[in-house]
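# Structural characterization, general
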Amino acid sequence: MSSKFSRYGILFVISAPSGAGKTTLVDALRETAEFVYSVSCTTRPPRTGEIDGEDYRFLSEQDFLAQIGAGEFLEHAKVHDHHYGTPLQPVLANLKDGRDVLIDIDTQGAASIRNCDDPLIRSALADVFIMPPDLDELRRRLTKRGTETPEQIELRLVTASREMQLWRKYRYTIISRTVDYPSSMRKNSKLRAEKTGGRKVVRLRSSAKTIVLGVTGSIAAYKSAELASVLVKQGHQLFVVMSDDATQFITPLTLQTLSKNPVMTTFFDEKENWRPGHIELADRANLLLIAPATAHIIAELAHGLAHHPLAAIALATRAPILIAPAMNGKMWMHPATVDNVEKLKSRGVEFIGPEEGMLACGYEGIGRLWKVEDIAFRTEFLLARQENLIA
Ligand code: 5GP
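Parameters at a glance
Residues numbered from 1 in each chain as written. Predicted model: local features only at pLDDT ≥ 70, side-chain atom pairs only at ≥ 80, totals over all residues. Heavy atoms only, no water. Core = buried A, V, L, I, M, F, W, Y, C linked by side-chain atoms within 4.5 Å. Buried < 20%, exposed > 50% of the residue type's maximum accessible area, 1.4 Å probe, protein only. Helix = DSSP H or I, 4+ residues; strand = E, 2+ residues; numbered from the N terminus. Domains from an automatic or database assignment. Contact = heavy atoms within 4.5 Å. Phe/Tyr/Trp six-rings, centres within 6.5 Å; stacked < 30°, edge-to-face > 60°. Lys NZ or Arg CZ within 6 Å of the ring centre and 35° of its normal. Arc of directions from axis to C-beta. Pairing = 2+ DSSP bridges. Axes fitted to C-alpha atoms, helices over the stretch in contact; angles between N-to-C directions. Parallel < 35°, antiparallel > 145°, perpendicular 65-115°, else oblique. Left-handed = near helix turned anticlockwise from the far one by under 90°. Nonpolar A, V, L, I, M, F, W, Y, C, P; charged D, E, K, R; others polar. Near = heavy atom within 4 Å. Polar contact = N/O pair within 3.5 Å; in protein donor to acceptor, adjacent residues only side chain to side chain. Areas by Shrake-Rupley, 256 points an atom, 1.4 Å probe, with all protein chains shown as cover.

Counting residues in each nonpolar core, the largest one holds 49 residues, and the members touching the most others are L213, L227, L255 and L289. When residues in this core are grouped by element, the largest group, six residues, is from helix 18 (residues 372-385). Both domain 1 (11-196) and domain 2 (210-386) contribute no fewer than three residues apiece to this core. Leaving out residues up to four positions away in the same chain, L227 has contacts with L213, L289, A291, V372, I375 and A376. By size, the runner-up hydrophobic cluster in this structure holds 29 residues, among which are F239, I323, V341 and L344.

One pass over the full model with this rule turns up five aromatic pairs. Consider the rings of F64 and F73, whose centres lie 4.7 Å apart with planes at 25°: the pair is stacked. For the residue pair F64 and F73, the accessibility class agrees, reading buried in each case. Ring geometry for F129 and Y170: centres 5.2 Å apart, planes at 55°, overall tilted. Linking F129 in strand 8 (residues 125-131) with Y170 in the loop between helix 7 (150-164) and strand 9 (172-175), this pair joins segments that are 41 residues apart in sequence. By relative accessible area, F129 is classed as buried at 0%. By relative accessible area, Y170 is classed as buried at 1%. Between the NZ or CZ atom of R30 and the centre of the ring of Y37, over which it lies, the distance is 3.8 Å. In this arrangement the basic side chain of K345 is found over the ring face of Y8, its NZ or CZ atom lying 5.9 Å from the centre.

Where helix 14 (residues 295-303) is concerned, the buried positions are A295, I297, I298, E300, L301 and A302. In this structure, the buried residues of helix 14 make contact with strand 12 (287-293), helix 15 (309-316), strand 13 (321-325), helix 16 (329-333), helix 17 (335-346) and strand 14 (350-351).

Turning our eyes to something else, we now look at helix 4 (residues 107-114). All of the buried residues in helix 4 are T107, G109, A110 and I113. The arc enclosing the buried residues of helix 4, seen along the axis, measures out at 155°, which places them on a common side. Close packing links the buried residues of helix 4 with strand 1 (11-15), strand 5 (73-79), strand 7 (100-104), helix 5 (119-124), strand 8 and helix 7.

Glancing now at the sheet that holds strand 8. If you trace the five strands from one edge of the open sheet to the other, you get 2-7-1-8-9, paired in parallel fashion. Single-partner strands in this sheet number two, and they are strand 2 (35-37) and strand 9. Recorded for the sheet is a direction-independent mean angle of 30° between the axes of neighbouring strands. In this sheet, strand 7 lies alongside strand 1 in parallel orientation, the contact comprising four bridges. Paired with V13 across the bridge in strand 7 is I103. Seen against the sheet, helix 4 touches strand 1, strand 7 and strand 8 and runs at an angle of roughly 150° to strand 1.

Looking now at the environment of L135. Examined against the element boundaries, L135 turns out to sit in helix 6 (residues 135-145). With 26 residues separating them along the chain, L135 and S161 place their C-alpha atoms 7.3 Å apart. Excluding anything up to four places from it in sequence, L135 contacts L157, A160, S161 and M164.

So, on to the packing of helix 10 (residues 223-233) against helix 12 (residues 252-259). Following both chains from N to C, one finds helix 10 and helix 12 inclined at 15°, their axes separated by 9 Å at the closest point. With respect to their mutual orientation, helix 10 and helix 12 come out roughly parallel. Along this stretch, helix 10 crosses helix 12, giving a crossing that reads as right-handed. Facing S224, A225, A228, S229 and V232 of helix 10, the residues of helix 12 in contact are T254, L255, L258 and S259. Broken down by class, the residue content of the contact of helix 10 with helix 12 amounts to five nonpolar, four polar and no charged.

Around the ligand, the surrounding shell holds 15 residues, and the nearest of these are S40, R44, Y56, E75 and Y84. A distance of 3.0 Å separates a nitrogen atom of the ligand from a polar atom in the side chain of D106. Protein chains bury 83% of the 510 Å² of accessible surface belonging to the ligand in isolation. Those elements that provide at least two residues to the shell around the ligand are strand 5 and strand 6 (82-87). Taken together, the residues that form the shell around the ligand break down as five nonpolar, four polar and six charged.

Next up, the structure:
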């Protein structure tokens, strides 16, 4: 297990009709260190300025066919009379190491990846369609770009309208509302990245959802206050459920004030019927987030125990579960915890962290709660994923 990441990477597969702004977006994402870009193989000759190994790996027809024969592609397709293919091994290796991978691919390639049998690919896939606002806007952009004749533009628009029908097949759709940038700006990728960051709709923003935040007894429990505050600011309904130990580190009153909802600590809280019961919370939750999660709650979840409200909610809910562990590094690395984490992951539970650093117990090592803003972002991502639309 890698010491830094305890999750697999996300496989972002991006398709768009030409002129929708995909290149701008992909170039901007490549400028960040957050994605590994999957370099495709192709049999088409390099264009001026294209670099072998960076833009594509340029192969002869014979080498390409040999790689197909050897099963080296995740998918391959013939586009405009040339072969294009995505090498499988680098994608798998990066996902296993917890790195997010970005694949820029046509709609046929995206369809093959969706149908791929590999369980890692299936669970990692986040396919994204970039949708231009409408065909008139696309025509305007293509005309402004000036790289195609009017006949070629009309041909591209026919293809684009066919491809635009396919957006529902994708898990996410980004509506690209920005206009093309002038060519001087297009050359300046830094400026382009800045522009893209500000105006494109790449933010993961789900509509208001119900989140149950489980807090367990770690010194990092105080960070749940900041997390609660961020999630409420994002517009979500938040219900906090605390383990008994957690109340020694932070008071329920603090979390009640921040969440603006009653905090559940024991089954006896349910005697006051103005509070939602644990089954009601399990049913209402769009996501169960446990942060910080101790080795103990992870073991309880792995074994299906339900001796207190948080464990019972985890057992009863059918919402996705996200766990942000925090504990001593030796506890995290112990085979019992490793087994429990693997067991939960195989049931679809997601983990974020822990990270390396100075731990409260005086040890330097892995076990610290992951950064609060990243936990909030991951929460947002999982909620948005349920909605099929990021825009
Ligand atoms: P171009 O030759 O203009 O770079 O790309 C032509 C088309 O091939 C684009 O639609 C691009 O998304 C697609 N493409 C690039 N790499 C791959 C790949 O690995 N597999 C598939 N199926 N399509 C690809």
